[in-house]
Protein chains: 2
Amino acid sequence: MLMGQNLIFTNDVLAAIKRLANGGDHNMTVWIADVNTARLVNPAPPRLITIPDGDENKTLETVKHVWDEMERMGVTRRSLAINLGGGMVTDLGGWAAATFKRGMRFINVPTTLLGAVDAAVGGKTGFNYNGLKNEIGAFAPASDVIISTRFFGTLPLQEMKSGFAEVLKHAMLSDRDEFLRLLNHDFHTPINHDNLLERLRRSVQVKVDIVASDPNEQGNRKALNLGHTVGHAFESLAMKRGKPVPHGYAVAWGLVTEAVLSHLLLKFPSEDVHLLGSFVRDNYRDFPFTCDDYDELLDLMRHDKKSRNGEITCTLLTSVGDYHIDQTVTPDDLTAALDILRDHLGQ
Amino acid sequence: MLMGQNLIFTNDVLAAIKRLANGGDHNMTVWIADVNTARLVNPAPPRLITIPDGDENKTLETVKHVWDEMERMGVTRRSLAINLGGGMVTDLGGWAAATFKRGMRFINVPTTLLGAVDAAVGGKTGFNYNGLKNEIGAFAPASDVIISTRFFGTLPLQEMKSGFAEVLKHAMLSDRDEFLRLLNHDFHTPINHDNLLERLRRSVQVKVDIVASDPNEQGNRKALNLGHTVGHAFESLAMKRGKPVPHGYAVAWGLVTEAVLSHLLLKFPSEDVHLLGSFVRDNYRDFPFTCDDYDELLDLMRHDKKSRNGEITCTLLTSVGDYHIDQTVTPDDLTAALDILRDHLGQ
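Residues numbered from 1 in each chain as written. Chains lettered and ligands numbered in written order. Predicted model: local features only at pLDDT ≥ 70, side-chain atom pairs only at ≥ 80, totals over all residues. Heavy atoms only, no water.

Undergrad: Please provide a residue-by-residue account of the sheet that holds strand E5 (residues 105-110) of chain B, values included.
TA: Residue and element names in this part refer to chain B. Spatial strand order, E1-E8-E5-E4-E2-E3: six strands in an open sheet with parallel pairing. Each edge of the open sheet carries a strand with a single partner, namely strand E1 (6-9) and strand E3 (48-51). When the angles between neighbouring strand axes are averaged without regard to direction, this sheet yields 15 degrees. Sheet topology places strand E4 (residues 80-85) next to E5; six bridges connect them, and they run parallel. Directly across from Ile-82, in E5, lies its bridge partner Ile-107. Here helix H2 (residues 60-73) sits on the sheet and contacts strand E2 (29-34) and E3; the angle it forms with E3, its principal contact strand, is near 165 degrees. Its contacts with the sheet put helix H7 (residues 193-212) on E1 and strand E8 (144-147), and the angle it makes with E1 is roughly 165 degrees. (Pairing = 2+ DSSP bridges. Helix = DSSP H or I, 4+ residues; strand = E, 2+ residues; numbered from the N terminus. Axes fitted to C-alpha atoms, helices over the stretch in contact; angles between N-to-C directions. Contact = heavy atoms within 4.5 Å.)

Structure, rendered in structure tokens:
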């Protein structure tokens, strides 16, 4: 299935959508967008399902709304769904399309950097349930993903940075030249669309290659967890304290911590730890934790849904591009790495 | 995926379940059964999710109950689910298992003849939504299906007959010797378990071969629709009038009607129409329709979810074992065939 996922990199989004919507043998097209992204389609298409935005609305109630609207519009298994939005829309819209009448074809048009390099590609769909993130879902890839930088001009800086952390991660898993190129990125100059689209192309390809090697997340796909074992703990603790941090900020801090662990355990070059550390210090500010939080952070890592038997495991690197999944790290390793992270961040 | 579906034909069900539950690398086992089939597991296993029985409970509410119980029991994506019951349990339990945390392995243990030869095998899962049958679902095959006749001793005669119609259908799609053997079946002698298990083995193999040729129901799988275009219309009209008929009875009447259509349009041998007609007349009594119902029946066929552009299409046969999907039939053909059906049924 996944092999058939068609990725289109273009800065002429409308033409690409039209080509897909007018080709194929589907009997009708239905759009799914959130209240903000729905405004991007002008004039409104005849069948547009609008959902509320935000992760707090990624719920069964919203799924039911999409199913009910599909029913009302006479959508069938031979219809085409177009998901236009960030990760929330592509995850939830993809799930609704993949399950309505046992599934129709759908395409993703991510409108955020994070969505483009992460959620929209690879086939994970689903929603939050009982307060647990992505608790219900399926592996169901979009037939086509249209990736463009055209929507990013209006993205808040914080969201650009958040997505960029995943771009960095993909480079760290694959290509030192690209890694160094990204570390020269300046968030304060206007977007160079052609250049950014090329960065996206390379970044997404890394994910595609890893997912293709392991579509149902049995092993190798854990490579994509780089930065996330530690990053999720930062994200969860911040959330728990009612002061959430953007996902990508937590990932950026997690990448530095896991680069330090890679240095300590697998001799990952200290030069690259330093380059990464400086970039993260300059661009991902206000790390909200101190050494008093270590115990709670370690506890969260032990209870991560990917941990086994309470052991903390990470994906670590021997060098940029050379990753090793399922590396066990001890509490002492982590304590040392968190200390060094705080040094890098100047805190 | 489907190719990996492991079918176990045995009359020692418990040993087969134990072998699967004790092997494998799952971290725990959870059972899903309805209030009746739950009693078959004695002593009760440590993790047993009980759901109400009956198609009217094949709803999102019941799905949520299963998800919530899985949550409460600490089930993970590395757990194993065992669905014990008829088609309602294997459809809904399979769906819950395939979607909880994006899916865990599950095995089906069908307890009805209809479940064994139809619902449990082939990967369709789902539930009824907004009053529409199997409106939400996914193609997600059980890793293993344990097929046994042991549960059938206590099945009501009407349920045995209902399942047997699908066994007949499979023989009509594949093998005239088997077809003739089945027409000699006597429902009033005690079950010969070894013989019936052999019939099941052959019957299920027909479905498996057809599904394997078309896992996502794009074309060839429509062969399995034999008897169902007309059968569904009988079932729906009876339901609409508040006097439902068993699914298999409607299918049996549908098989005769479509055999007649096959004779009229594709020269299917009249001898086989007669043999089938006599068997159905003797065993599937009380056909509840007259010529006054033809218009309404035709209308239902035009609105079947598999019909296109209001044309009525059936799977028809040139001979037993030689099927042709997507055969268009006219209202006149159908009127003639329904008249001949009523002659066969002596009504």
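Undergrad: Any details on the environment of B:Leu334? Residues and values, ideally.
TA: Residues and elements named next belong to chain B. With respect to the helices, strands and loops of the structure, Leu-334 is situated in helix H12 (residues 331-344). The buried category is assigned to Leu-334, whose relative accessible area is 0%. Linking Leu-334 and Ile-312, residues 22 residues apart in sequence, is a C-alpha distance of 9.5 Å. Once residues lying within four places of it in the same chain are set aside, the contact partners of Leu-334 are Val-230, Leu-261, Leu-298, Met-301, Ile-312 and Val-329. (Buried < 20%, exposed > 50% of the residue type's maximum accessible area, 1.4 Å probe, protein only.)

Undergrad: Before we move on, could you go through the relation of the copies chain A and chain B and cite the residues and values that matter?
TA: Each copy of the sequence occupies a distinct position, and chain A is placed on chain B by a rotation of 180 degrees and an axial shift of 0.0 Å, giving an RMSD of 0.0 Å. Within this description, the copies of the chain are treated as partners about a two-fold rotation axis. Closest to the rotation axis within chain A is the C-alpha of A:Ala138, separated from it by 4.5 Å. The share of interface residues of chain A whose copies in chain B are also at the interface is 100%, consistent with both copies meeting through the same surface. (Least-squares fit on C-alpha atoms with pLDDT ≥ 70 in both.)

Undergrad: I'd like to hear about helix H9 (residues 247-266) of chain B, residue by residue, with values.
TA: Residues and elements named next belong to chain B. Across its 20 residues, H9 extends 27 Å between first and last C-alpha, which sits within 8% of the 28 Å expected from 1.5 Å per residue. With respect to burial, H9 is a largely interior element, 15 of its 20 residues being buried. Just downstream of H9, Lys-267 is the residue with a positive phi angle, here 60 degrees. (Expected span 1.5 Å × (residues − 1).)

Undergrad: Any chance you could break down empty space enclosed by the protein for me, citing the residues and the numbers?
TA: Residues and elements named next belong to chain B. Per the counting criterion, the structure on display carries two cavities of 30 Å³ or more. Along the wall of the largest cavity there are 13 residues; nearest its centre are Asn-108, Ala-119, Ala-120, Lys-124 and Thr-125. For the lining of the largest cavity, the secondary-structure elements that each account for two or more residues are helix H3 (87-99), E5 and strand E6 (124-129). When grouped by side-chain class, the residues that make up the lining of the largest cavity number six nonpolar, five polar and two charged. Considering only enclosed or pocket space, the second largest cavity measures out at about 40 Å³ in volume. (1 Å grid on protein atoms, 1.4 Å probe; cavity = no way out; pocket = protein on both sides within 12 Å on 5 of 7 lines; lining within 4 Å. Points joined across faces, edges and corners; volume = space filled by probe spheres on them. Nonpolar A, V, L, I, M, F, W, Y, C, P; charged D, E, K, R; others polar.)

Undergrad: I'd like to hear about unusual backbone geometry, residue by residue, with values.
TA: Looking along the chain, the bond that leaves A:Asn42 and enters A:Pro43 is cis, with omega of 5 degrees. Locating A:Pro43 in the fold gives a position in the loop between strand E2 (29-34) and strand E3 (48-51). One non-glycine residue, B:Arg102, lies in positive phi territory at about 65 degrees. Examined against the element boundaries, B:Arg102 turns out to sit in the loop between H3 and E5. Phi at B:Asn130 is positive, roughly 50 degrees, even though this residue is not glycine. Along the chain, B:Asn130 turns up in the loop between E6 and strand E7 (132-139).

Undergrad: How would you summarise the side chain of B:Lys207 if you had to cite specific residues and measurements?
TA: All names here are of chain B. Relative to the helices and strands, Lys-207 is located in helix H7. Residue classification places Lys-207 among the buried positions, given a relative accessible area of 7%. Within the structure, Lys-207 has its side chain in polar contact with the backbone oxygen of Asp-118 (distance 2.7 Å). Aside from chain neighbours lying at most four places away, what touches Lys-207 is Val-117, Asp-118, Val-121, Gly-122, His-170 and Leu-224. (Polar contact = N/O pair within 3.5 Å; in protein donor to acceptor, adjacent residues only side chain to side chain.)

Undergrad: Lay out the packing of aromatic side chains in plain terms, naming residues and giving numbers.
TA: Inspection of every chain in the model, using the stated rule, returns 31 aromatic pairs over all chains. Plain terms: the ring middles of A:Phe187 and A:Phe279 are 6.3 Å apart, the flat faces sit at 40 degrees to each other, and that makes the pair tilted. With A:Phe187 in the loop between helix H6 (176-183) and helix H7 (193-212) and A:Phe279 in helix H10 (residues 270-283), this residue pair connects regions lying 92 residues apart in the sequence. By the burial criterion, A:Phe187 is buried, and A:Phe279 matches it. Put simply, the rings of A:Phe164, A:Phe187, A:Phe234, A:Tyr249, A:Trp253, A:Phe279, A:Tyr284, A:Phe287 and A:Phe289 touch in pairs and so form one group of aromatic residues. Here A:Arg102 stacks its cationic end above the ring of B:Phe139, 5.9 Å away from the centre of that ring. (Phe/Tyr/Trp six-rings, centres within 6.5 Å; stacked < 30°, edge-to-face > 60°. Lys NZ or Arg CZ within 6 Å of the ring centre and 35° of its normal.)

Undergrad: Give me the lowdown on the environment of B:Gly231, citing residues and values where you can.
TA: Residues and elements named next belong to chain B. For Gly-231, the position within the fold is in helix H8 (residues 228-240). On the basis of relative accessibility, which here comes to 1%, the residue Gly-231 falls in the buried class. For the pair Gly-231 and Leu-255, spaced 24 residues apart in sequence, the C-alpha separation works out to 7.5 Å. Leaving out residues up to four positions away in the same chain, Gly-231 has contacts with Ala-250, Val-251 and Gly-254.

Undergrad: Account for the interface of chain A and chain B, with residues named and values stated.
TA: With 27 residues of chain A at the interface, the matching set in chain B holds 27 residues. Together chain A and chain B conceal approximately 2,700 Å² of surface at their shared face, both sides included; 49% is due to carbon and sulfur atoms. On the chain A side of the interface with chain B, the three residues burying the most area are A:Arg77, A:Arg102 and A:Glu135, jointly 26% of the side's total. Across the contact surface, chain A and chain B share two salt bridges. A salt bridge links A:Lys101 to B:Glu135, with the shortest nitrogen-to-oxygen separation between them at 3.1 Å. The tally of links between chain A and chain B comes to eight residue pairs in polar contact (both at pLDDT 80 or more). Element by element, the count of residues in the side of chain A that touches chain B is highest for strand E7 (residues 132-139) of chain A, at seven residues. Tallied by class, the residues present in the side of chain A that touches chain B amount to 11 nonpolar, five polar and 11 charged. (Buried area = accessible area lost by both parts, 1.4 Å probe. Salt bridge = Lys/Arg side-chain N within 4 Å of Asp/Glu carboxyl O.)

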